[in-house]
Amino acid sequence: MRAIKVLERILATIPIMFGVAIMVFIFMRLTPGDPVDIMMGAGGAVGAGEIEQLRAEFHLDEPIHIQLWYFLRDAARGDLGNSYIKKRPTMELIAERLPATIELALGALFFALIIAFPIGILSAVKQNSWLDRFSMAGAFLGISMPAFWLGIVLILIFSVKLRWLPVQGRISYDVNLQEITGLYVVDSILTRNWPALKDALRHLILPSIALGAAVAAIVARVLRSSMLETLRADYVTLARAKGAPEHRVVLRHALRNALIPTVTVIGLQVGVLLGGNMIVETVFGWPGLGRLVVDAIFNRDFPLVQASVMVYAFTFVIANLIVDILYTYLNPKITL
Amino acid sequence: MTTTPAPTSSWARARHLWGLRWRMMRRNWSEFAHQMRKHPLAIIAAVVILLYILAAIFAPAITVHDPTRGSLRTRFEPPFWMEGGSTEFLLGTDDQGRDILTRIIYGARVSLLVGVIAVGVSVLVGLTLGALAGFYRGRFDTIVSRAADLLLAFPFLIFAIGVMAFLGPGFGNLILALTFKGWVEFFRLVRGEMMAEKTKEYVEAARVSGMGKVAIITREILPNIMQAVFVLATLRMGYMIIMEASLSFLGLGIQPPTPAWGSMVASGRDYLLTAWWVSTFPGLAIVGLVLAINLFGEGLRDVLDPRLKIE
Amino acid sequence: MTQEPLLELRNLTTVFPTRRGEVRAVESVNLSLAPGEVLGLVGESGCGKSTVLLSIMRLIRRPGHIAEGEIRFQGRDLRALSEGEMRRVRGREIAMIFQDPLSTLNPAFRVGDQIRESLRLHHIVDGRWPWPLDMGARRREKERVIQLMEEVGIPSPDARYKAYPHEFSGGMQQRALIAIALACEPRLILADEPTTALDVTIQAQILDLMKRINERRGTGIILVTHDLGVAAEFCHRIAVMYAGRIVEMGSVDEVIESPQHPYTQGLLDCIPRLGRERQPLSPIPGNVPDLATLPPGCSFAPRCPLARPVCESGPIPMVRLARDRRSRCLRHVDFAREQGWTWGTEYEISNQ
């Protein structure tokens, strides 16, 4: 039963992905000037015959719906065109940068959850205590703070003033690391390269905090309010009446039910993590997808922008899919 | 309550009706003010927001410096309490020798204007489409809802960055980029509320009494939804301001030399080691404004939206 | 009574501080329950009867707390136990059944696992290994759960073990809750309106089940209900509560046949009875009083047909009219004075 529903949910994302692709295509067409003109601007002067040839190569001489068909067909094959500037397939360029972005997003998510869960749970258990008030004030601040400014303040304090952590990059130049997955923390563990692990983690801390702070704040607030609700539920009284110790009442009976709304919110925060990483990568010189996109925008390298936006959107859709599936396992009442 | 007999002439009747409405509004307002008094933080926040607005309007009267032109002689002056600082530049100067406080005050114009216009347009579009879709349903609802679902597949900032990349920077494009996705939340709220309200008795009563559909939507149902919309609009305002600042930070929003907080923070990034104040203070201005708006919105929600439809 | 009581409440008082002052939800309640006895605690909603049960379990939610009194269970004062010792009493020796079975079962866990949790929390099934490793103990626990489900009348328990609460009907949910309560074979079950949320036919089945449990296992039961009819059918003794106090107590027959307190009389007059359709029902006038602003005297006086001005002037003591018959009414106090009765025990006037 549940497997069928999960499958249905997976299939339901296909039209969304299609829609995303079509939308990106439309935006591409909305830009002033056609791709060949822009390419010429970027790549230097060429003869008129060559321009015609390029137009034919990009199918620009054909009607728009045929162009859309070619675009979708190529996209389905994973071919999103070549970068104007670097003259390489955009997907290759993205694939090179993706691990760094994933590492940062996971680092931020890890930071956010490790902060949000204890705070959310304790604030609910000790409602109106000083801990609760202080944490919720902090959460409010976290929501109202732009990630780029938080990143800069963190650099000012921990890198410039205290000199505890590095300012920029993923890893120091003098550290050798054999890449396997592209996630430096994972790679250094796999190769048992402890100095590299320490170095990679030191680089990862500040960007993860800058990116994860807003997520931590939102998740903590949602978890707290859901916990306040579930802690008052009858089944929590029953658990106590059964003789369950308090930690079991809170962490099993109340938390398990509070997780249901919280997981949905965490899923929505994946969007914040993806959007914010462009900002945080810029602040910390993190060589990820976000940097690639921002550079591509300033270089007017539209195929690369287009491909990256699509990759971001797909990642978001897939992340939400995962959350939805997780949700069905958390909530036995769910009918997708 | 004393009731005056309803007048007969049409002019007098109109005046009578407006008088009633006015009294209703007065009563609602005093009730609202009374409720808000229980949220002192929200009132403080409202005062802070007002200060920002006043600063933005009267910027030229508040400062003596030029926000866009500096002098090489006054580059990187520190804030007044630091060694080498002077009271002429309270919060120091930037790489082009411009007074940071002045630029922050002028920058409030951009943030507030973008926030208000982006939210305003989003409300307008979302409210109209949501009301129509929720009331009439049918194919129109299906199409708009699908479009909304599609837009939800993009993270907000990614979408805005993508739009700005294709359209190019500028104030109008910035508003377009923010509203292109911003309307969706208002659409969803209004549509859902509309569908819920539509089945209630008072709507049926209006229908039976021969009221037109447009009149039912605008005069009967929308007034009941507006409070929730207003609360959501306030809460979205802070988000929009952060988004604008983020785009400007990346260089995709407001272009120099117009002072915008995001680009001011960006301009100080290269001088973190020597002049920390260039980036820090504009960011603080953002935090202050967004914090105030969020606090105010939160208080507003407690008062106006006790059923917690939002968030 | 020669036998030592299973449970004895002495002067139990539970209070909730509120903004408008302290609410005394339970005020000087004295009760005793013999082993195997079924006691009905009857009263309108908000009269503090559920609070009595939660006080016995020491599960009153902060900032509410037990202000005074003793809760003697099998000779021990539960109030003197540490939280850890109290946990070993809850579920193991005293179990509780709640009013709304759907919201009382945890929606996220399988019904069978929720029954099993009681077994595991009190180590009912011994294993040789730490719990998650001991497959033998796990199997025996599961067998015991299925046996319990059978006992409370859940059909095809093997299949139902894995079901979630929302997949059960209301009656089945209540049976599952009873199975949870029975799991550790407690000496005492506190049932808080166990049939209120159910259909009438299901109500009878559940009461029947509880009666069987009482008879077969000798489990003492305190049944809280607002329904005198249910209490009359099911209980050995009845205590009537009003505004936090017990106003009348006695055996079922005596209380139903010859109610002494005007409030009990009023409650009985509210019940429609077969064969008496032509007589109009006579509701009790007025509303349940606000516990935060109780008058000093009899709290029922404002609604009482027999009230006199003196009723509201001071607290009314309990009068022990016969061996197991008590009433808290000024009329009985006057009667006791005439007879020359004195304070029998600490809390009541009697002729002994």
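Criteria and cut-off values
- Residues numbered from 1 in each chain as written.
- Chains lettered and ligands numbered in written order.
- Predicted model: local features only at pLDDT ≥ 70, side-chain atom pairs only at ≥ 80, totals over all residues.
- Heavy atoms only, no water.
- Helix = DSSP H or I, 4+ residues; strand = E, 2+ residues; numbered from the N terminus.
- Buried < 20%, exposed > 50% of the residue type's maximum accessible area, 1.4 Å probe, protein only.
- Contact = heavy atoms within 4.5 Å.
- Areas by Shrake-Rupley, 256 points an atom, 1.4 Å probe, with all protein chains shown as cover.
- Lys, Arg positive; Asp, Glu negative; His and termini not counted.
- Charge placed at Lys NZ, Arg CZ, Asp CG, Glu CD.
- Expected span 1.5 Å × (residues − 1).
- Bend = angle between axes of the 7 residues up to and from the residue.
- Buried area = accessible area lost by both parts, 1.4 Å probe.
- Salt bridge = Lys/Arg side-chain N within 4 Å of Asp/Glu carboxyl O.
- Polar contact = N/O pair within 3.5 Å; in protein donor to acceptor, adjacent residues only side chain to side chain.
- Nonpolar A, V, L, I, M, F, W, Y, C, P; charged D, E, K, R; others polar.
- Pairing = 2+ DSSP bridges.
- pLDDT = per-residue confidence, 0-100.
- Axes fitted to C-alpha atoms, helices over the stretch in contact; angles between N-to-C directions.

S.K.: Account for the overall build of chain B, with residues named and values stated.
M.R.: Counting its regular elements, chain B contains eleven helices and zero strands. Starting at the N terminus and ending at the C terminus, chain B contains elements arranged as α-α-α-α-α-α-α-α-α-α-α. Expressed as lengths along the three principal axes of its C-alpha atoms, the size of chain B is roughly 75 × 50 × 35 Å. Of all 311 residues assigned to chain B, the portion counted as buried reaches 49%. Long-range contacts, defined as pairs at least 24 residues apart, comprise 71% of the intrachain contacts of chain B with a sequence gap of at least 6. In the structure as shown, chain B presents an accessible area of about 15500 Å², 64% of it carried by carbon and sulfur atoms. The centroid of the 30 positive side-chain charges in chain B is displaced by 11 Å from the centroid of its 22 negative side-chain charges.

S.K.: Could you give an account of helix α5 (residues 90-125) of chain A, naming the residues involved and the relevant values?
M.R.: Here α5(A) contains 36 residues, and its C-alpha end-to-end distance of 50 Å stays within 8% of the 52 Å for a straight helix at 1.5 Å per residue. Along its length, α5(A) reaches its greatest deviation from straightness, about 35 degrees, at A:R97, and the proline A:P99 lies no more than four positions downstream.

S.K.: So what's going on with the interface of chain C and chain A? Which residues, and what values?
M.R.: In this complex, chain C contributes 28 residues to the contact, which on the side of chain A involves 20 residues. With both chains or domains summed, chain C and chain A bury close to 2200 Å², and 59% of this area falls on carbon and sulfur atoms. Considering only the surface of chain C that becomes buried against chain A, C:R61, C:F109 and C:E117 emerge as the three largest contributors, covering 25% of it. The tally of links between chain C and chain A comes to two salt bridges. Measuring nitrogen to oxygen at the nearest pair gives 2.6 Å for the salt bridge that ties A:R248 to C:E117. When residues of the side of chain C that touches chain A are traced back to their parent elements, those giving at least two are β6 (94-97), α3 (101-104), α4 (111-121) and α7 (170-182) of chain C.

S.K.: Got a sec to walk through the interface of chain B and chain A? Specific residues and values, please.
M.R.: The interface of chain B with chain A comprises 41 residues on the first partner and 42 residues on the second. The contact between chain B and chain A buries some 3700 Å² in all, and 84% of this surface belongs to carbon and sulfur atoms. For the pair chain B and chain A, the interface holds one salt bridge. One salt bridge connects A:R221 with B:E298, and the closest N-O pair in it is separated by 3.0 Å. At the junction of chain B with chain A, the criterion picks out five residue pairs in polar contact (both at pLDDT 80 or more). Mapped onto the side of chain B that touches chain A, the elements with two or more residues apiece are α5 (138-152), α6 (156-167), α9 (213-250), α10 (261-267) and α11 (277-304) of chain B. Among the elements that take part in the side of chain B that touches chain A, α11(B) stands out by supplying twelve residues, more than any other. Residue composition of the side of chain B that touches chain A, grouped by class: 29 nonpolar, eight polar and four charged.

S.K.: Quick rundown of the pairing of β6(C)? Include the residues and the values.
M.R.: Where a strand is regular, its side chains alternate between the two sheet faces. Residue and element names in this part refer to chain C. Judged by which residues are buried, β6 turns out to be covered on both faces: I94 and M96 on one side and A95 and I97 on the other are all buried. Pairing geometry for β6 and strand β7 (residues 188-192), over four bridges, is parallel. From the neighbouring strand, I97 faces β7, where its bridge partner is A191.

S.K.: Residues and numbers for the confidence of the model for chain B, please.
M.R.: Caution is warranted with low-pLDDT regions, since their predicted coordinates should not be read in detail. All names here are of chain B. Averaged over every residue, the pLDDT of chain B is 84; the share at 70 or more is 95%. Highest mean pLDDT in chain B belongs to helix α4 (residues 100-136) (91); lowest belongs to helix α1 (residues 10-36) (75). Prediction confidence for the complex, expressed as pTM and ipTM, is 0.85 and 0.87 respectively.

S.K.: Describe the sheet that holds strand β14 (residues 348-350) of chain C, with residues and values.
M.R.: Residues and elements named next belong to chain C. If you trace the ten strands from one edge of the open sheet to the other, you get β6-β7-β8-β3-β9-β10-β12-β11-β14-β13, paired in mixed fashion. Single-partner strands in this sheet number two, and they are β6 and β13 (342-343). Strand direction decides the pairing type here: strand β10 (residues 245-251) and strand β12 (residues 325-327), joined by two bridges, are antiparallel. Bridging across to β12, E248 finds its partner in S327. Together, β3 (38-42), β6, β7, β8 (220-225) and β9 (237-242) form the strand contacts of helix α1 (residues 49-56), whose direction differs from that of β8 by roughly 145 degrees. Docked against the sheet, helix α11 (residues 262-269) engages β3, β9 and β10, running at close to 100 degrees with respect to β9.

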